[in-house]
Amino acid sequence: MNVAAHALQRARDALTDLRPQPDDIAADVIAGLSRSPRTLPSKYFYDAQGSHLFEEITQQPEYYLTGTELALLEARLPSIAQAIGPGAHVVEYGSGSGRKTELLLEHLREPVAYTPVEISRTAVLEATARLSQQFPQIQMLPVCADFTKPLELPTSTVPAQRTVMFFPGSTLGNFTDEDAVRLLDAMRQTMGAHGCALIGIDLDKDPALIEAAYNDAAGVTAEFTLNLLARLNREIGSDFDLDGFRHHAVYARQRGRIETFLVSQRAQSVHVAGRTFAFEAGESIQVEYSYKYTDAGFAALVARAGLKVTHGWNDARDWFGLRLLQPA
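This structure is a prediction, so every number in the text was calculated from the model and none was measured.

> Break down the overall build of the protein chain for me, with residues and values.
Secondary structure assignment for the protein chain yields 10 helices and 15 strands. Its C-alpha atoms give the protein chain a radius of gyration of 20 Å, near enough to 20 Å, the size a compact globule of 328 residues would have. The principal-axis extents of the C-alpha atoms in the protein chain amount to approximately 60 × 50 × 35 Å. If you take every contact in the protein chain between residues at least 6 apart in sequence, the share linking residues at least 24 apart comes to 72%. Total accessible area on the protein chain stands at roughly 14000 Å², and carbon and sulfur atoms take up 50% of it. With 30 positive and 40 negative side-chain charges, the protein chain shows a separation of 4 Å between the mean positions of the two kinds.

Now the structure itself:
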């Protein structure tokens, strides 16, 4: 076995695997399609193919979020690391490829452990294997799970001085205010009284710039959205016709969010676990929100979860922000 293969095997051995099972996915899909308007959970975007497509999205010229956040991290990490302090156990929700994590772990002082929590087993194993080679002194404790559910984290061998919840990429914006408050409250409980959370937030700006990011000219985002249906067909035996739906994303300024839909191209029926769902031509399934924040709105949101903003960093254009939160 070569070094990379050894690292991947170590990641498998350390993995806590709590990923959703087909019955759980089917129940979520049936519940969402039974609503009016219909919905599907965005958390199921991230199978192996979905994770790959999302990485492609981040490379599209219209998708400003990833590049802007990476540049912001690179510029401000010395002050971020000072605010966090030494001996941290970094817990990252929705870890993805781990590129931003590399930057954080490089700059923190003597971090003791890293726990990526990711719904895609492939993504979490690959990221953990790669990071373990780069940071052999940091204990890797990967978890494959739905981070929106209550979760008991693995304990590091070396006691941490502080638990740091790392939630970059504006992923918090994919949750409604009510769900975001629940997630932030769970983070507060996980981090403990002396912990903190470093959150990435996309800031309110020109609607045309925002809409373009979710409707890239190359169609990668559309492929990513439709891959959700391909995953459901494969994993729970549904029969969505991928050619029968199209991607549509629009910025609802009055609600401060991108709203992403799969729109039925014709009258059709879809079968899921013995249930039949009839669609009219033009009927939509809401598959994702992406909220864009103001400072006042974000501060009010985190306060509802018993947290407060203690530090904030923006890029030069005020397109994207990083906020450090602590229990109020």
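> Run through the packing of helix 5 (residues 99-107) against helix 6 (residues 121-134), naming residues and quoting values.
Close contact between helix 5 and helix 6 brings their axes to 11 Å; oriented N to C, the two are set at 25°. Classed by the angle they form, the pair helix 5 and helix 6 counts as roughly parallel. In this structure, the crossing between helix 5 and helix 6 has a hand that is right-handed. In this structure, helix 5 uses Arg-99, Thr-101, Glu-102 and Glu-106 to contact helix 6, whose residues at the interface are Arg-130, Leu-131 and Gln-134. Residue classes in the contact of helix 5 with helix 6 are distributed as one nonpolar, two polar and four charged.

> So, the packing of aromatic side chains: which residues are in play, and what are the values?
Summed over the entire model, instances satisfying the criterion amount to 13 aromatic pairs. Judged by centre distance (5.6 Å) and plane angle (65°), the ring pair of Tyr-64 and Trp-319 falls under edge-to-face. Here the residue Tyr-64 occupies a position in helix 4 (residues 64-84), and Trp-319 occupies one in the loop between strand 14 (307-314) and strand 15 (320-327), the gap between them amounting to 255 residues. Taking the relative accessible area as the measure of exposure, Tyr-64 reaches 7% and is therefore buried.

> Describe in detail the nonpolar core, supporting the description with residues and values.
Membership of the largest hydrophobic core comes to 64 residues, with the highest contact counts inside it found for Leu-33, Leu-40, Ile-84, Phe-240, Phe-245, Val-272 and Ile-285. For this core, the element with the most residues is helix 4, which contributes 10 residues. Apart from the residues within four sequence positions on either side, Val-272 is in contact with Val-29, Ile-30, Leu-33, Ile-236, Ser-238, Phe-240 and Phe-277.

> Go over unusual backbone geometry, please, and point to the residues and values.
In this model, Ser-36 is joined to Pro-37 through a cis peptide bond whose omega is 0°. Relative to the helices and strands, Pro-37 resides in the loop between helix 2 (22-33) and strand 2 (38-39). For Glu-110, which is not glycine, the phi torsion reads 50° and is therefore positive. Along the chain, the position of Glu-110 falls in the loop between helix 5 and strand 4 (113-118).

> Got a sec to walk through the pattern of salt bridges? Specific residues and values, please.
On inspection of all chains with the given rule, the structure shows 17 salt bridges. Residue Arg-130 pairs with Glu-102 through a salt bridge whose shortest N-O separation is 2.2 Å. Here Glu-102 lies in helix 5 and Arg-130 lies in helix 6, a separation of 28 residues in the sequence. Overall, the relative accessible area of 30% leaves Arg-130 in the partly exposed class. The closest approach of N and O atoms between Glu-259 and Arg-255, which form a salt bridge, is 2.7 Å. Connected via shared salt-bridge partners are Asp-47, Arg-231, Arg-234 and Glu-235.

> I'd like a rundown of the sheet that holds strand 13 (residues 284-291), residues and numbers included.
Across the sheet, which stays open at both edges, the four strands sit in the order 2-13-10-9 with mixed pairing between neighbours. Since the sheet does not close on itself, it has two edges, and those belong to strand 2 and strand 9 (245-252), each with one partner. Strand direction decides the pairing type here: strand 9 and strand 10 (residues 257-264), joined by eight bridges, are antiparallel. Paired with Val-250 across the bridge in strand 10 is Glu-259. Here helix 9 (residues 220-236) sits on the sheet and contacts strand 9, strand 10 and strand 13; the angle it forms with strand 9, its principal contact strand, is near 120°.

> How would you sum up the environment of Leu-105? Please name residues and give values.
Looking at the secondary structure, you find Leu-105 in helix 5. Distance in space between the C-alpha atoms of Leu-105 and Asp-23 is 37 Å, their sequence separation being 82 residues.

> With reference to specific residues and values, describe helix 2.
Over its 12 residues, helix 2 runs 16 Å from end to end, which matches the ideal 16 Å to within 8%, given 1.5 Å per residue. Taken together, the buried positions of helix 2 are Ile-25, Ala-26, Val-29, Ile-30, Gly-32 and Leu-33. Projected onto a plane normal to the axis of helix 2, the buried residues spread over an arc of 165° and lie on a single side. Close packing links the buried residues of helix 2 with strand 2, helix 9, strand 11 (268-272), strand 12 (275-279) and strand 13.

> Got a sec to walk through helix 6? Specific residues and values, please.
Between the first and last C-alpha of helix 6 there are 20 Å, a value that for 14 residues agrees with the 20 Å anticipated at 1.5 Å per step. Along helix 6, the residues that are buried comprise Ala-123, Val-124, Leu-125, Ala-127, Thr-128, Ala-129, Leu-131 and Ser-132.

> I'd like to hear about the environment of Ile-84, residue by residue, with values.
Within the secondary structure, Ile-84 is located in helix 4. Once the C-alpha coordinates of Ile-84 and Ala-127 are considered, the two residues, 43 residues apart in sequence, prove to be 23 Å apart. Not counting residues within four places of it along the chain, the set of residues in contact with Ile-84 comprises Leu-104, Leu-108, Arg-162, Val-164, Cys-196 and Leu-324.

Calculation notes
- Residues numbered from 1 in each chain as written.
- Predicted model: local features only at pLDDT ≥ 70, side-chain atom pairs only at ≥ 80, totals over all residues.
- Heavy atoms only, no water.
- Helix = DSSP H or I, 4+ residues; strand = E, 2+ residues; numbered from the N terminus.
- Rg over C-alpha atoms; globule rule 2.2 N^0.38 Å.
- Contact = heavy atoms within 4.5 Å.
- Areas by Shrake-Rupley, 256 points an atom, 1.4 Å probe, with all protein chains shown as cover.
- Lys, Arg positive; Asp, Glu negative; His and termini not counted.
- Charge placed at Lys NZ, Arg CZ, Asp CG, Glu CD.
- Axes fitted to C-alpha atoms, helices over the stretch in contact; angles between N-to-C directions.
- Parallel < 35°, antiparallel > 145°, perpendicular 65-115°, else oblique.
- Left-handed = near helix turned anticlockwise from the far one by under 90°.
- Nonpolar A, V, L, I, M, F, W, Y, C, P; charged D, E, K, R; others polar.
- Phe/Tyr/Trp six-rings, centres within 6.5 Å; stacked < 30°, edge-to-face > 60°.
- Buried < 20%, exposed > 50% of the residue type's maximum accessible area, 1.4 Å probe, protein only.
- Core = buried A, V, L, I, M, F, W, Y, C linked by side-chain atoms within 4.5 Å.
- Salt bridge = Lys/Arg side-chain N within 4 Å of Asp/Glu carboxyl O.
- Pairing = 2+ DSSP bridges.
- Expected span 1.5 Å × (residues − 1).
- Arc of directions from axis to C-beta.

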